[in-house]
Amino acid sequence: MNFQGIIGHEFVGIVEKSPAPEWLGKIVVGEINVSCGSCFYCNNSMGNHCPQRTVLGIQEKDGAMAEYLTLPIGNLHVVPEEVDWTKSVFTEPLAAACEILEQIQIFTNDEVLLIGDGKLAQLIGRVLQHHTTNLTVLGKHPSKIELFRKHGINAVSLGEFKGESASFKVVIEATGNWQGWDLALDMVRPKGFLVLKSTYVGSHNFNPASLVINEITLIGSRCGPFPEALKLLKEGKVDPSDLITEIFPLNEWKNAFNRAQQADSMKVLLEH
Ligand SMILES: [Zn+2]
């Protein structure tokens, strides 16, 4: 987004100042899209697509890697007592994982392929395992594949993968790279659903004819429902805390960034 400013959009914090005193002291997470409240999208429950929106740490609004941040009260959700901060800090990406279920219905026997083993893919896998018994994850890094398996999810490397072309009803692409897209296109079956979670960098040549011939439904998927994510955390259906690689104090941000750039790293958190 060519953003310049303070980054960071996944956070949990305490309300220090508010025009509504009942919010003071509350532990909250916050939706990151700040919409205008009066356009067509805002009036039709699609504020995440408001053309005038700013986005915390991403678009024209300073983000969470700071001592303080601001958000409208309407963006806030109180974190349930049962959920400690090392879990609630994952609400935003977990909500993005939940968005898939807002967009398509997944049935118990549906063959679902999730491509990717990064942070978002890990959360998507943990959400979808409650909805289909037929989930396969295709990963790249042995330690990240192992992490899926620890949670009882069938994850394989490309070398081990036995999937045939056009054999999955739902394919979710969450690698962030174009090879993932090509593979996803190959694996989805006629009349199937291709869900894109990657915001790709650069452009890519492909012939959309196969989408037409095979009548594939292509779904772009971004931010999702916070209440659903908080519910999964509260009920313990998703426990993301083993995705945390290390926690640094805010003033050690340089070390935190270095740690985050190492290949084995998952989530690196800043605490203030
Ligand atoms: Zn609007």
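Structure: above.
A brief look at the structure comes next. (Residues numbered from 1 in each chain as written. Predicted model: local features only at pLDDT ≥ 70, side-chain atom pairs only at ≥ 80, totals over all residues. Heavy atoms only, no water.)

Right, let's talk about the sheet that holds strand β4 (residues 54-56) for a bit. Within the open sheet, the three strands sit side by side as β3-β4-β5. Their pairing is mixed. Two strands lie at the open edges of the sheet, namely β3 (33-34) and β5 (60-61), each paired on one side alone. (Pairing = 2+ DSSP bridges. Helix = DSSP H or I, 4+ residues; strand = E, 2+ residues; numbered from the N terminus.)

What follows concerns the nonpolar core. Counting residues in hydrophobic clusters, the biggest one holds 41 residues, and the most contacted among them are Leu94, Leu114, Ile124 and Ile172. Put simply, the parts of the chain that give this core at least two residues each are α3 (91-103), β7 (112-115), α4 (119-128), β8 (135-139), α5 (142-150), β10 (168-173) and α8 (226-234). Apart from the residues within four sequence positions on either side, Leu94 is in contact with Leu123, Val127, Ala229, Leu232, Leu233 and Val238. Counting 16 residues, the second largest nonpolar core, distinct from the first, contains Phe168, Val171, Trp181 and Val188. (Core = buried A, V, L, I, M, F, W, Y, C linked by side-chain atoms within 4.5 Å. Buried < 20%, exposed > 50% of the residue type's maximum accessible area, 1.4 Å probe, protein only. Contact = heavy atoms within 4.5 Å.)

Reading across the sheet, the three strands line up as β1-β2-β6 and stay open at both edges, with antiparallel pairing between neighbours. Of all the strands in the sheet, the pair left with one neighbour each is β1 (13-14) and β6 (76-78). Bridging between strand β2 (residues 27-30) and β6 involves three bridges; their strand directions are antiparallel. Considered in β6, the bridge of Val29 is made with His77. Across the sheet, α8 is in contact with β2 and β6; its angle to β6 comes to roughly 25 degrees. (Axes fitted to C-alpha atoms, helices over the stretch in contact; angles between N-to-C directions.)

Another aspect to go through is the coordination of the zinc ion. Looking at the metal site, the zinc ion is ligated by Cys36 (SG), Cys39 (SG), Cys42 (SG) and Cys50 (SG), spaced 2.3 to 2.4 Å from it. Metal-centred angles of 105 to 113 degrees between the four donor atoms at the zinc ion mark the site as tetrahedral. Site description for the zinc ion: donor spacing in sequence, C-x2-C-x2-C-x7-C. What makes Cys42 buried here is its relative accessible area of 17%. (Donors = N, O, S within 2.8 Å, 3.2 Å for Na, K, Ca; no water. Tetrahedral: all angles 85-135°; square planar, octahedral: opposite > 155°, others 65-115°.)

One non-glycine residue, Asn2, lies in the positive phi region at around 55 degrees. Position of Asn2 relative to the elements: it lies in the segment before β1. According to the relative accessible area criterion, Asn2 is exposed, its value standing at 81%. For Glu215, which is not glycine, the phi torsion reads 50 degrees and is therefore positive. Its place among the elements puts Glu215 in the loop between α7 (209-213) and β12 (217-220). You can call Glu215 partly exposed: its relative accessible area is 46%.

Honestly, it's all geometry; don't read function into it.
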